[in-house]
Amino acid sequence: MASLSLLLRFLVVVTAHVTEARWGPRSRLILTEGSHHPPGNTPSPQPGAGPEPGDPAPAFQVPTLDGSFSYDPAEGALKGPLVIHAFTNKSGFLESLWSSESSLKSLVEGLPDRAQVLFLSLDDSAVSDALWMREQLRLAAAHSWKGVLTRLHFSPVPVFALGNWIPNVLYYWGCMGHNCGLSQTVFTSDGWKMPIVVKRLDARYDWLMARWSKNLYQLADVGDGCEPSPSLGGAVAWVSEGNCSFFTKVQSMAKSNASGVLVYSLPGNPIQDMNCAGNECFFPLGIPAAMVHLEVSVAQALRSGQVVNVSFQTTPSPNFFISIDQQGALAEMGWFLYPSFSFVNWQAQWFGFSASLQSKLQSPAKVTPVFDQVTMQGDKGAVATVDLPSDLWDFDTLELDASLSCPGRRDSSCAQWDHTVQLFVCCDPLSPHCNVELGRWITAFRRGTGHWLTDVSPLIPLLDSNKCTFTMKTAPWAMPWVVSLNLRFSVSNQTGEDFGKLRPFSVTSLYSGGTFDKNYNKMYQPTKFPVPSSTKKVELYAVITGHGSDENGCGEFCVTSHHFLINAVHNNTRRFDSAGSALGCTMRVKEGAVPNEHGTWLYGRGGWCDGLQVDPWRIDITKQLNMSDFESNAIVYFGLFNGQDPNPAQEPGYIIMSSFLIFYK
């Protein structure tokens, strides 16, 4: 009752913003001379000035609309992760996040079972913010998803009054990247004493990649922008929402020689996520676009013929999202490509994967360390020669426990772009298997949380000496990564009556990849191979990934198929069906794909995802073979695009492949 009374007192003095519009009020900022700081004069936090990702989260308790929420690490690890979201009405990104029905539904329908979310507000309107956020999610949950509401907690106390460590982390981890920080549009005119500064939301990064420059542009009113106008001479087009798609508006204004497009929402409507649809997305447009609210002063000035200029800025802000994983460690939430709570779900899914991985690493195994926080960069990469267990052949399972971290503890220190990382092994310099690929991973784009366990048991025969050299490397021009690698040898719990105790004893190398063009399949000829007399099982083992991009998106974003034809009858096919799909790699977060990276990590790829191990493809081909006659078996490989030989017109992609026959006895 006391907490309810306190809440009511808050309500008396705080004007609820939900009455202005169903999505909350639009915020117009008028800067005073004393509040404006030149770019670059804001002091940056110094190392050691605050908590960092990976540090243990201290205990805390905050009042909520339903009582209180508390976290105490002394009570043991969390049953699930905790995401802390700090809302502010000064962000166009957050306005869209909270006004989009699909965004809200994604949270109530897709939040992992054990994950919880604590909602806070950075603003004075914290009480009404909390009430509004709760109501938005109650409406989204409707009748079918009410259960999730018990894991959503709304605090009416503003961040600046919490009195615990959370504000420190939010401010110390403050950000100003894409959809992080306060993206703003600044209007000026000779007749105004002060600029008008409003929040904006830029069009989707993966649709319109052109960015606003720091130039001062003239603003031109062109109605709804659905038809081309006379040349705008490099002005920024001021257009209303509605009557045609965002794509049509931007395309029409690009034809009109606009430098960019500002779409203003109609009165009472929220800022929306500007995106293309269907085939529109394949039509290149070279100008930026953003959405803002209708500013009456701007509209009136334009109608009266007054010159209005516009510029664009991003003001740093506290972080909008931080988290605590199941182990009680503080964690970053990464980069939200567009305004959707799906990014919260994906990060929570990854926390679940990470917790499961930590549990697997507690299982019995003989561990051989290879790299321990070693910097990998340049042509050499990371190299180590290690002694292998003397009882190696007592084990039938080999797993690669690999992790990639960054030079610093923040994602901002991580390497840009995604690169292939390969692990090569050489146990005998004279062996044909010297420097054969043992494992493959793809780096995350500006995120440093990758950790994977990859089963490469069929390749145990490659470790045919008591001392082997391991080399882990990526593109020599890439920024540095810090790698750790352990070899985990164990005995599996096989149960099959026939093959339960079989172990690989011999490996035959097959085919590698190459440039995916009209000559690709001409490189490969049928190979005859013997089956050793003691063999009980034969397995096809391949690691295949497609890279680069021709006019069809091959091999990264096109659907390719890879065929191993045995004895001219049995076609064993690996097909990358999800390549180029909009959310293909989000489906693999539960397998370890690092979520919320920079770039377009969400899209399906040709056999890989950013921030994920490349799983070997294994097929038991024993029944496809003649197991008795010497050299009576043949295999040939070919790769296809749309069922045909690749034949790109320009800039062909390429395939990276390691393939083997594995013999068991």
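Relevant structure appears above.
This write-up is about the structure you can find in this document. Note that the structure is predicted; figures quoted are calculated from it, not measured.

This part takes up the environment of Arg-618. Here Arg-618 shows up in strand E31 (residues 617-620). Under the relative-accessibility criterion, Arg-618 is labelled partly exposed at 35%. Each C-alpha atom of the pair Arg-618 and Lys-90 lies 52 Å from the other, and the pair is 528 residues apart in sequence. Ignoring any residue separated from it by four or fewer positions in sequence, one finds Arg-618 in contact with Asp-455, Pro-458, Glu-539, Leu-540, Tyr-541 and Tyr-664. A distance of 3.2 Å separates a polar atom in the side chain of Arg-618 from a polar atom in the side chain of Glu-539.

With that out of the way, let us pick up the nonpolar core. Ranked by size, the top nonpolar core spans 147 residues in total, and within it Phe-60 and Phe-470 carry the most contacts. Looking at this core element by element, the count peaks at 8 residues for helix H8 (residues 342-360). Setting aside chain neighbours within four positions, we find Phe-60 in contact with Phe-69, Ser-70, Tyr-71, Leu-82, Ile-84, Leu-118, Asn-164, Trp-165, Ile-166 and Ile-324. Core analysis: the second largest hydrophobic core is formed by 28 residues, Tyr-511, Tyr-520, Ala-542 and Phe-576 among them.

Taken as a whole and judged by the stated rule, the model has 36 aromatic pairs. Relative to Phe-353, the ring of Trp-350 lies with its centre 6.2 Å away and its plane at 50°, an arrangement referred to as tilted. With Trp-350 and Phe-353 both in helix H8 and 3 residues apart, this pair spans about one turn of that helix. Across this residue pair, the class does not change: Trp-350 and Phe-353 are buried.

The next thing to look at is the sheet that holds strand E15 (residues 321-324). Taking strand neighbours across the sheet as the criterion, the 5 strands line up as E6-E5-E4-E15-E16 in an open arrangement whose pairing is mixed. The open sheet has two edge strands, strand E6 (152-154) and strand E16 (330-332), and neither has a second partner. Neighbour to neighbour, the strand axes of the sheet diverge by 25° on average, direction disregarded. Relative to E15, strand E4 (residues 82-87) is paired through 4 bridges, and the arrangement is antiparallel. If you follow Val-83 over to E15, its bridge partner there is Ser-323.

Rules behind the numbers
- Here, residues in each chain are numbered from 1, in the same order as that chain's written sequence.
- Given that this is a predicted model, residues contribute local features only at a pLDDT of at least 70 and side-chain atom pairs are listed and counted only at 80 or more, while totals for whole chains, interfaces and linings are drawn from all residues.
- The side-chain values count all of the structure's non-hydrogen atoms but skip hydrogen atoms and water molecules.
- Under the DSSP-based scheme used, a helix requires at least four consecutive residues in state H or I and a strand at least two consecutive residues in state E, with every element numbered from the N terminus.
- Relative accessibility decides the category of a residue: with a 1.4 Å probe and only protein chains considered, values under 20% of the type maximum give buried, values over 50% give exposed, and everything between is partly exposed.
- Contact definition: two residues touch when any of their heavy atoms are within 4.5 Å.
- Pairing of N or O atoms within 3.5 Å defines a polar contact, subject to two protein rules: one partner must be a possible hydrogen donor and the other a possible acceptor, and residues neighboring in sequence count only if both atoms are side-chain atoms.
- Residue types Ala, Val, Leu, Ile, Met, Phe, Trp, Tyr and Cys, when buried and joined through side-chain atoms within 4.5 Å, form a set referred to as a nonpolar core.
- Here a Phe, Tyr or Trp ring, Trp counted by its six-membered ring, pairs with any other such ring whose centre lies within 6.5 Å, and the pair is stacked when the planes are under 30 degrees apart, edge-to-face when over 60, and tilted otherwise.
- By the convention used here, strands pair only if DSSP detects at least 2 bridges between them.
- Here an angle of 0 to 180 degrees is reported between the N-to-C directions of two axes, which are lines fitted to C-alpha atoms, with helices fitted over the stretch in contact.

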